[in-house]
Amino acid sequence: MAGHAMYEWVYIAAVVAILIWVGAASWDVERIIEEVPADAETIKVIGQQWFWSFEHADGTKEVNELHVEKDKPYRFEITSLDVNHAFNVPDWTLMIDAVPGRINTLWNMFTEDGEYLIQCREYCGFSHYNMKAKLFVEPAVTEAAAASEPSAATTTAPPAQQQQQSATQEQQPSSNATSGAAAGGNATSAAAGGNATSAAAGVTLTILEGASVQGSPDYDPDELTVKKGDKITVDNVDTMPHTVTNGKSGSDPTSGKLFDTSIINGGDKAEIDTATVEAGTHPYYCMVHPYMTGSLTVE
Amino acid sequence: MVLEVKKPRALWEIIFSTHHTDIGLLYIISSITFLMMGGALALAIRAELFLPGQQIIPDPNTFHRFFTVHGTTMLFLWAIPFGAGIGNYLIPILVRYKDMAWPKLNAVAFWMIPVGAAMVWLGFADLGWTAYPPYSIIRAPGPAAELWIFGLKILGLSSVLGSINFIVTMLKCKHPDLPIMKMSLFAWSILSISFMTLVAIPTFAAALIMLYTDRLGVTGFFNPALGGDPIAYQHLFWFTFHPEVYIFLLPAVGMLYEMIPKFSRKPIFSYQSGVIAFMLLSTIGFASWAHHMLATGMSFTEKTVFMVGTLAAVPASAMHVFNWVATMWGGRIKFAAPMLFGVGGIMLFFASGAGGVVNTALPLDFITHDSYWVVGHFHLILMGTVSLTFTGFIYYMFPLITGKMYNEKLAKIHWVAAFAGIIIVFMTQHILGLMGMPRRYFDYLPLPEWIAMNQIATTGAWIVGLSYVLMIYNLLKSSVKGTFANMRDPFAIGEEYYDYRRREPHH
């Protein structure tokens with residue numbers, strides 16, 4: 001019975017040889033790709049339910065968008081503020097967990113410009129499947145020119161760019177999505193300054209404190225009726241970023257096509273100009289926390 | 001003991017029975033029921049993912065609950081109990097003893113399964129079967145999460161009690177004239193997993209308690225806000241659950257050692273090789289757990305250690321494959337349904353093992369981790385090898401248990417559909433993963449290639465599901481109306497290798 005043992009020994013030797021080769025080759029490649037170049041510029045990546053925020057070395061912040069230069073090495077320091085997420089740029093095979101209380105490091109040099117997908121790759125709850133961001137790799141420019149770049153980026157940002165938020169993206173420390181969210185009070189007042197002269201009274205839609213918790217009261221009033229042409233000031237009283245985006249949910253094909261405030265950081269305001277919104281009752285939701293819903297009726 | 005369909009017994013006689021064949025049957029019937037229930041959830045998930053956008057599952061929360069309960073059910077209510085059930089049924093016979101060492105304990109261990117199952121299903125938690133914190137601590141809603149935790153606690157305890165019983169039965173109660181190196185390889189597989197269970201389960205049992213007290217807020221083991229480390233949970237979890245995947249697998253390996261020689265009409269190529277391979281896998285299997293965590297940010301050295309530990313376990317599995325192929329080589333093979341399922345299982349074992357080697361190659365893990373590649377990989381082993389082999393063994397045991405023969409033609413149709421369907425679903429998911437689709441996604445980008453792969457996978461899944469409905473029909477109809485089997489040689493092999501009814505070791 002065991003007389004044919006020789007065949008088995010040869011077979012096992014072949015299997016072991018293949019495994020040793022796989023192990024050695026993997027060790028070698030991993031060793032090389034983990035070595036971060038000394039001149040890599042650091043970008044902090046922060047995942048939280050359910051959006052990505054980025055902080056460049058010079059203090060610039062971005063939300064749900066990341067602009068990097070081509071052919072420049074970057075080191076990403078990745079963490080989370082709540083549950084486990086994972087930072088994944090599939091086109092560049094970048095993938096590592098974002099764990100609260102810990103910083104994980106990845107590095108890459110992007111050698112082709114373009115727009116790439118960033119997605120979350122660790123189950124993190126309700127909107128895990130929709131926790132996406134965009135990576136823009138742009139040809140190398142000077143720092144000054146880079147500051148004016150976002151206006152180009154604005155046109156490609158996902159939330160439909162309707163009325164509000166002028167394209168004045170000052171990349172301030174407290175600013176958010178270069179996609180045109182009304183950062184801080186500045187841009188708002190700038191925009192509001194331009195529009196406040198119109199007759200429409202200030203209707204306020206408040207995003208309540210604790211709105212990010214599923215089941216808690218979210219928008220106040222939940223159902224808002226305005227006249228066409230009214231300006232709605234969306235006041236985010238909560239500490240978390242939110243949006244007011246038309247549609248039933250992220251899967252709704254009409255989402256964001258009528259009105260979309262984009263990311264409003266905690267404590268900030270944004271404006272919705274209903275002059276361009278067609279009459280009717282429009283459901284809306286928060287893109288970051290899609291269980292937050294309300295409805296806007298324009299007469 | 002043959003299931004007396006001729007003279008039915010009172011239900012309470014079966015429910016309160018402590019005889020190993022009754023308890024074995026209770027395990028087998030309940031595990032097949034849970035296979036179908038978990039399978040229904042899977043079909044719903046696949047139907048939802050047929051197209052991007054929301055289809056039949058109303059919201060992401062429900063979707064997350066579906067995949068949590070699906071995974072938990074398939075692993076702890078189908079795979080483990082089925083292995084335990086066949087073990088219960090056969091081990092005392094194989095070691096020539098009258099029953100398990102502690103029959104009442106055996107009954108207690110079984111009846112913990114429905115209790116644990118009820119907690120899992122009534123809770124319907126959304127934390128994923130892996131229950132990673134911090135989500136499972138600070139976000140997953142209760143009481144679903146607590147029910148899941150306690151349900152798993154009970155199921156783990158059931159496993160431990162069963163393992164103790166198996167070890168004592170095999171080492172202390174076996175017939176004095178039966179040397180251990182003549183004990184059947186199936187018995188060896190159950191002995192191996194019983195030892196592995198005792199070493200592996202306590203870590204997760206501890207982790208469950210820690211999850212619970214963290215949820216209560218009285219401890220901060222895994223909660224960074226209280227100074228804890230979420231990755232510590234993953235170490236505890238995978239220290240249990242990597243060996244656990246071998247615990248899922250080994251009973252199927254043992255069953256293949258029963259079926260392959262019989263249907264090849266040849267003795268096993270090398271009994272010693274089989275025993276050594278079991279021992280190797282049971283020990284080396286503990287050295288690779290953090291290959292599930294290669295993307296958590298571990299140091300290069302840590303990752304290398306676990307890659308080596310993972311690769312080191314491969315030769316043991318390779319030995320089993322060689323053994324089976326060498327047994328079949330030159331044999332006059334009868335491709336009855338059990339053999340078809342077994343051979344299909346061996347082929348997919350090879351495929352899933354190869355995929356595993358890809359996963360453990362450090363740089364490649366960053367491509368595959370948490371993508372549909374992983375979903376394809378683990379389903380290929382759990383469904384393609386473990387479940388297909390278990391299914392073949394159901395058909396194999398059917399005449400012995402019921403005294404009747406199942407419908408061979410329907411069983412062959414089942415095999416074709418299941419084997420083809422499994423390849424369609426899970427190989428496609430490997431490709432989908434390489435295309436970048438993450439797992440646990442309720443909705444996905446409407447990329448044409450992602451949609452196409454998902455639709456192919458859904459079609460394959462439904463084919464598999466329907467083939468199992470066919471099996472249930474076959475088993476039920478044949479138990480009631482089937483022709484009586486030739487109990488000496490139900491499969492008309494022509495020789496009598498092993499008679500499961502004999503308790504005399506001298507035959």
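As the structure is a computational prediction, the values presented were derived from the model and not from experiment. (Residues numbered from 1 in each chain as written. Chains lettered and ligands numbered in written order. Predicted model: local features only at pLDDT ≥ 70, side-chain atom pairs only at ≥ 80, totals over all residues.)

**Thoughts on unusual backbone geometry**
Of note, the bond from Pro 133 of chain B into Pro 134 of chain B is cis; its omega dihedral lies within 30 degrees of zero at 0 degrees. Structurally, Pro 134 of chain B is set in the loop between helix 4 (103–123) and helix 5 (135–139). With an omega of -5 degrees, the peptide bond between Gly 142 of chain B and Pro 143 of chain B qualifies as cis. Relative to the helices and strands, Pro 143 of chain B resides in the loop between helix 5 and helix 6 (144–172). You will see that Asp 71 of chain A, though not glycine, has its phi angle at about 60 degrees, which is positive. Checked against the element boundaries, Asp 71 of chain A lands in the loop between strand 4 (65–69) and strand 5 (73–80). A residue is classified by how many C-beta atoms lie within 10 Å of it, and Asp 71 of chain A, with 12 of them, is exposed. Non-glycine residue Phe 124 of chain B carries a positive phi angle of around 50 degrees. With respect to the secondary-structure elements, Phe 124 of chain B resides in the loop between helix 4 and helix 5. Of the residues examined, Phe 124 of chain B has 15 C-beta atoms within 10 Å and is grouped as partly exposed. (Helix = DSSP H or I, 4+ residues; strand = E, 2+ residues; numbered from the N terminus. Buried ≥ 20, exposed ≤ 12 C-beta atoms within 10 Å, placed from the backbone.)

**Remarks on the environment of Ala 211 of chain A**
Residues and elements named next belong to chain A. Considering the arrangement of structural elements, one finds Ala 211 in the loop between strand 11 (202–207) and strand 12 (219–220). On the neighbour-count criterion, Ala 211 (23 C-beta atoms within 10 Å) is buried. Note: C-alpha distance between Ala 211 and Met 240 (29 residues apart in sequence) is 8.3 Å.

**Digging into the confidence of the model for chain A**
Residue and element names in this part refer to chain A. For chain A, the mean per-residue pLDDT works out to 80, and 79% of the residues sit at or above 70. Of all helices and strands in chain A, the one with the weakest mean pLDDT is helix 4 (residues 186–195) (36), whereas strand 6 (residues 85–89) scores best (97). Note that residues 146–199 has pLDDT below 50 and, in this model, 113 contacts with residues that lie over four places away or in other chains. (pLDDT = per-residue confidence, 0-100. Contact = placed C-beta atoms within 7 Å.)

**Considerations on the environment of Gly 220 of chain B**
Residues and elements named next belong to chain B. Position of Gly 220 relative to the elements: it lies in the loop between helix 7 (185–216) and helix 8 (230–264). Once the C-alpha coordinates of Gly 220 and Met 210 are considered, the two residues, 10 residues apart in sequence, prove to be 8.4 Å apart. Leaving out residues up to four positions away in the same chain, Gly 220 has contacts with Asp 214, Leu 226, Gly 227 and Gly 228.

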